[in-house]
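Chain and residue survey
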Protein chains: 2
Amino acid sequence: MYNNIIDNLVKILKTLPGIGPKSAQRIMFFLLKNKKIGIDLYKSLNDIMLKINQCAMCFNFTVKDICNICSNQERINYKQICVVENPADVVAIEQTGQFSGLYFILFGCLSPIDGIKSSDINLNILENRLKKDVVKEVIIATSSTVEGEITSNYIAGICKNYNITVSRIAYGIPVGSEIESIDFNTLSYSIIRRYKINF
Amino acid sequence: MYNNIIDNLVKILKTLPGIGPKSAQRIMFFLLKNKKIGIDLYKSLNDIMLKINQCAMCFNFTVKDICNICSNQERINYKQICVVENPADVVAIEQTGQFSGLYFILFGCLSPIDGIKSSDINLNILENRLKKDVVKEVIIATSSTVEGEITSNYIAGICKNYNITVSRIAYGIPVGSEIESIDFNTLSYSIIRRYKINF
């Protein structure tokens, strides 16, 4: 409707996650009105595209060859690897402060329906790593979806082959939730996996 | 949490309208995974920043000195000016196909509470234009908010001084709405400004 240059920006903005046609147009007009922010975004994208690559160990995004976590000797000493689907999961788990080991990012999940095999995500690379590294425990933090479970079972199978302790993050009722509003499956798990209260 | 380069992108994305911290992070990871889109966005921003400026007549964004609408002789001949708050309003009105004249963008509204005066938006420039141009009708399409109404009254005052016909876009019930769900003020207007059905 406007002209090619502006239409092109709107078209690209629409491809970003969570941004529809209306938001794309709003952001476009915002950037035209606030050129300073547009220039900042432009420079930032340039930095990102030129300087960010993936860690050779965990595949997280980093400016180095090996990321800060994978090169941290204290974290290496724990000999624990937490397997996640996406870099955003690492951010979320790091924020809990409950894990001090290393990560491994699959960039996806096994999915027979979508035809995603172990070679399509980083699962074969994970297997090679577990084969040669000394790992005490693998913690599987994939999603609690069908695909996440299939992937979890696959990783558990690898760990079994190499005699590595493997664990799965707990299912249960979310903190702050009312029992009556929790779905059947979650509540079932929370009862089956109940824990003893020690006095 | 990540590193300066990535944090900086998230920080900038958060300043865009409708994008919160979670969306900003999601877009950042999306751009890192889909570098092609990141590069397209980068190039598009470059185009926007270098080539887009504001029309000298209506203040809409354009690649030329005078935009396509303001330089269209057919539209000029109508001698109608539709005054709007933002460029997005022009897009919306153009989509209706009900207006064939020119536009004038205020980039804001008068607001005594926020201290926005006629010199802070393009109102004084509008007055100068109405003073020297031959204008048959000014159509005021500012928002139906308190600020929009104040601005509308101000523009109507100018038009009166220069003997120019002035109109305001209609208030009434939105198309497709149920009467019982319409607010008191809108429904009042729709009754007061009812129109005769001609057979």
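Source: prediction; values computed, not measured. (Residues numbered from 1 in each chain as written. Chains lettered and ligands numbered in written order. Predicted model: local features only at pLDDT ≥ 70, side-chain atom pairs only at ≥ 80, totals over all residues. Heavy atoms only, no water.)

A word on the sheet that holds strand β3 (residues 80–84) of chain A
Residue and element names in this part refer to chain A. On the basis of which strands lie adjacent, the open sheet formed by four strands has the order β4-β3-β5-β6 and parallel pairing. Each edge of the open sheet is held by one strand with a lone partner, namely β4 (102–105) and β6 (165–168). On average, each strand axis in the sheet is tilted by 25° relative to the strand beside it, whichever way the strands run. Two strands pair when backbone bridges link them, and β3 and strand β5 (residues 137–140) are joined in this way by four bridges, in the parallel orientation. (Pairing = 2+ DSSP bridges. Helix = DSSP H or I, 4+ residues; strand = E, 2+ residues; numbered from the N terminus. Axes fitted to C-alpha atoms, helices over the stretch in contact; angles between N-to-C directions.)

Notes on the interface of chain B and chain A
Facing 47 residues of chain B, the contacting portion of chain A comprises 47 residues. Both faces considered, chain B and chain A share a buried interface measuring about 4700 Å² in area, 77% of it formed by carbon and sulfur atoms. Of all residues in chain B, I5, Y42 and M49 of chain B give up the largest surface area on contact with chain A, accounting jointly for 14% of the area buried on that side. When contributions to the side of chain B that touches chain A are tallied by element, the ones reaching two or more residues are α1 (4–14), α2 (21–33), α3 (35–51), β2 (61–62) and α5 (87–96) of chain B. (Contact = heavy atoms within 4.5 Å. Buried area = accessible area lost by both parts, 1.4 Å probe.)

Looking at the side chain of R129 of chain B
Residue and element names in this part refer to chain B. Looking at the element boundaries, R129 is found in helix α6 (residues 123–132). Classification of R129 by relative accessible area gives buried; the value is 6%. Of the polar contacts made by the side chain of R129, one reaches the backbone oxygen of M57; its length is 3.1 Å. (Buried < 20%, exposed > 50% of the residue type's maximum accessible area, 1.4 Å probe, protein only. Polar contact = N/O pair within 3.5 Å; in protein donor to acceptor, adjacent residues only side chain to side chain.)

Thoughts on the domain arrangement of chain A
Segmentation of chain A into domains returns domain 1 (4–51) and domain 2 (61–168). If you average the C-alpha positions of domain 1 of chain A and of domain 2 of chain A, the two centres end up 33 Å apart. (Domains from an automatic or database assignment.)

Notes on the relation of the copies chain B and chain A
With an axial shift of 0.0 Å and an RMSD of 0.0 Å, the rotation relating chain B to chain A amounts to 180°. In symmetry terms, the pair is related by a two-fold rotation axis. When C-alpha positions in chain B are compared against the rotation axis, the closest is assigned to Y42 of chain B, at 2.8 Å. A shared interface surface links the copies, since 100% of the contact residues of chain B are contact residues in chain A too. (Least-squares fit on C-alpha atoms with pLDDT ≥ 70 in both.)

Concerning the pairing of strand β4 (residues 102–105) of chain B
Residue and element names in this part refer to chain B. Here β4 shows two buried faces, one formed by L102 and F104 and the other by Y103 and I105. Bridge count between strand β3 (residues 80–84) and β4: four bridges; the pairing is parallel. Bridge pairing in β4 places V84 opposite I105. With α5 bridging β3 and its parallel neighbour β4, the resulting β-α-β unit is right-handed. (Right-handed = clockwise from strand over helix to strand, strands pointing away.)

Focus: α6 of chain B
Residue and element names in this part refer to chain B. Taken as a whole, α6 has its buried residues at L123, L126, R129 and L130. Take α6 and look down its axis: the buried residues cluster within an arc of 115°, on one side only. In α6, those exposed residues whose orientation departs by more than 90 degrees from the buried face are K131 and K132. In this structure, the buried residues of α6 make contact with β3, β4, β5 (137–140) and α7 (146–161). (Arc of directions from axis to C-beta.)

Digging into helix α1 (residues 4–14) of chain A
Looking at α1 of chain A, one finds that the buried residues are I5, I6, L9, V10, I12 and L13 of chain A. For α1 of chain A, the angular spread of buried residues about the axis comes to 165°, placing them on one side. Exposed residues on α1 of chain A whose side chains face more than 90 degrees from its buried face are N4 and K11 of chain A. Here the buried face of α1 of chain A lies against α2 (21–33) of chain A together with α3 and β2 of chain B.

Quick word on the sheet that holds β3 of chain B
All names here are of chain B. With respect to topology, four strands assemble into an open sheet ordered β4-β3-β5-β6, the strand pairing being parallel. What marks the edges here is a single partner per strand, and that holds for β4 and β6 (165–168). Each strand of the sheet is rotated relative to its neighbour by a mean of 25°, with strand direction disregarded. Contacts between α5 and the sheet are confined to β3 and β4, with β4 contributing the most and set at about 155° to the helix.

Details of the packing of aromatic side chains
Counted by the stated rule, this structure contains nine aromatic pairs over all chains. An angle of 80° between the planes, with centres 5.8 Å apart, marks the rings of F59 of chain A and F104 of chain A as edge-to-face. Taken together, the residues F59 of chain A in the loop between β1 (53–54) and β2 (61–62) and F104 of chain A in strand β4 connect sequence positions 45 residues apart. Here F104 of chain A falls in the buried class, since its relative accessible area comes to 0%. Through pairs of rings, three or more aromatic residues link up here, namely F29 of chain A together with F61 and F107 of chain B. (Phe/Tyr/Trp six-rings, centres within 6.5 Å; stacked < 30°, edge-to-face > 60°.)

Some remarks on the environment of I169 of chain B
All names here are of chain B. By the secondary structure assignment, I169 is in the loop between β6 and α8 (184–192). I169 sits 116 residues away from N53 along the chain, and the two C-alpha atoms are 29 Å apart. Not counting residues up to four positions away in its chain, the partners in contact with I169 are I139, I140, A141 and T142.

Observations regarding the packing of helix α3 (residues 35–51) of chain A against α3 of chain B
Interaxial distance between α3 of chain A and α3 of chain B falls to 9 Å at its minimum, and their mutual angle equals 145°. Relative to α3 of chain B, α3 of chain A is oriented so that their crossing is left-handed. Counted together, K35, G38, I39, L41, Y42, L45, N46, I48 and M49 of chain A of α3 of chain A and K35, G38, I39, L41, Y42, L45, N46, I48 and M49 of chain B of α3 of chain B form the full contact between these two elements. Taken together, the residues that form the contact of α3 of chain A with α3 of chain B break down as 12 nonpolar, four polar and two charged. (Left-handed = near helix turned anticlockwise from the far one by under 90°. Nonpolar A, V, L, I, M, F, W, Y, C, P; charged D, E, K, R; others polar.)

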